[in-house]
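Analysis of the macromolecular model
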Amino acid sequence: MSKCEQCIVRQFSSLKHLSKEELLRMSACKTSKTVKKGEVLFEEGEHINGVFCIKEGVCKVSKISENGRNQIISLIQPGNLLGERSLISDEASNLKAVALNDMEVCFIPKDEIVKDLEKNSAFAMGVLKDMAKSLKSADNLVVDMAQKTVKQRLAETLLHLHSKFNTDNEGNINIYLSRDDIANIIGTATESAIRLLSDLKKKKIIEFKGKNITILNKDELEKIANGF
């Protein structure tokens, strides 16, 4: 089991504000586990009672709408914390988290984190800033869903994925998402997402390599994202 004070990924989250003593205490009470691709970290409606620190892998965070559609809210990368809202509120989780690929995660109990929040103002401010960022993303998602076309949202999503995950050696966006996942990000039926992707391929804006996606014409994709 790796120790929190020696863990590289903590530098990418609010955990970087903790002292060595705080990290040693946290390390003594955390649990580490492997989460296989497709496995659930936590369900919507579940009481988390702590936070997950993502060491390796990516998970999708989603919410089921009233009509039963699964809306993906965000993709969480290594270095990020997940479940911070459980620290502030005693409510059950509003979201579900599922591993997109094999993951290594650490779970830190709520009691330990709350102690550090109360004693370390820089850490508390870091957690609040992360939550504010999440709220801003949620606000943007609401506006995008209301005002942008599905085609615009698809172009914007592909650009965002390219920026967030970069590309592999063959130029593919370095994260695999199923067509269902893409549909659940842009808020449409899977058939519509497949049709729009095929249309972008015909226009030589993107190409498929197996199930992976490569952006061929970023400028054109940006025009579509901006409604041109």
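The protein goes by Crp/Fnr family transcriptional regulator in an unreviewed UniProt entry, where it is assigned to Polaribacter marinus.

**Describing the nonpolar core**
Ranked by internal contacts, the top residues of the largest apolar core, which has 27 residues, are L75, L158, L200, I206 and L221. Only β5 (70-76), α5 (150-165), α6 (179-186), α7 (190-202), β10 (212-215) and α8 (218-225) provide two or more residues apiece to this core. Counting residues per element, this core draws most heavily on α5, which supplies 6 residues. Once residues within four sequence positions are removed from consideration, L200 is found in contact with L154, L158, I205, I206, L221 and I224. Within the second largest apolar cluster, 19 residues are counted, among which are L23, L81, L87 and L117.

**A closer look at the UniProt feature "domain: Cyclic nucleotide-binding" (unreviewed entry) in the protein**
Mapped onto the present numbering, the UniProt feature "domain: Cyclic nucleotide-binding" (unreviewed entry) falls at residues 14-134. Between the C-alpha atoms that bound residues 14-134 there is a distance of 14 Å. The span itself is 31% helix and 34% strand.

**Quick word on helix α1 (residues 20-29)**
Taken as a whole, α1 has its buried residues at E22, L23, M26 and S27. Across the axial projection of α1, the buried residues extend over an arc of 135°, all falling on one side. Residues of α1 that are exposed and angled more than 90 degrees away from the buried face: E21 and A28. Where α1 is buried, its residues touch β8 (103-109) and α3 (110-119).

**Considerations on the sheet that holds strand β7 (residues 96-99)**
An order of β2-β7-β4-β5 is seen for the 4 strands of this open sheet, with the pairing classed as antiparallel. Both outer strands of the open sheet, β2 (40-42) and β5, are each paired with one neighbouring strand and no more. Neighbour to neighbour, the strand axes of the sheet diverge by 30° on average, direction disregarded. Summarising the sheet, β2 and β7 pair through 2 bridges and their orientation is antiparallel. Across the sheet, residue F42 finds its bridge partner in β7, namely A97.

**Quick notes on the environment of A183**
Here A183 is to be found in helix α6. As a C-alpha pair, A183 and F123 span 60 residues in sequence and 36 Å in three-dimensional space. Residues contacting A183, with those up to four places away along its chain left out, are T188, A189, T190 and A193.

Quick notes on the rules
- Residues numbered from 1 in each chain as written.
- Predicted model: local features only at pLDDT ≥ 70, side-chain atom pairs only at ≥ 80, totals over all residues.
- Heavy atoms only, no water.
- Core = buried A, V, L, I, M, F, W, Y, C linked by side-chain atoms within 4.5 Å.
- Buried < 20%, exposed > 50% of the residue type's maximum accessible area, 1.4 Å probe, protein only.
- Helix = DSSP H or I, 4+ residues; strand = E, 2+ residues; numbered from the N terminus.
- Contact = heavy atoms within 4.5 Å.
- UniProt positions renumbered as here; feature names shortened; annotations may be inferred.
- Arc of directions from axis to C-beta.
- Pairing = 2+ DSSP bridges.
- Axes fitted to C-alpha atoms, helices over the stretch in contact; angles between N-to-C directions.

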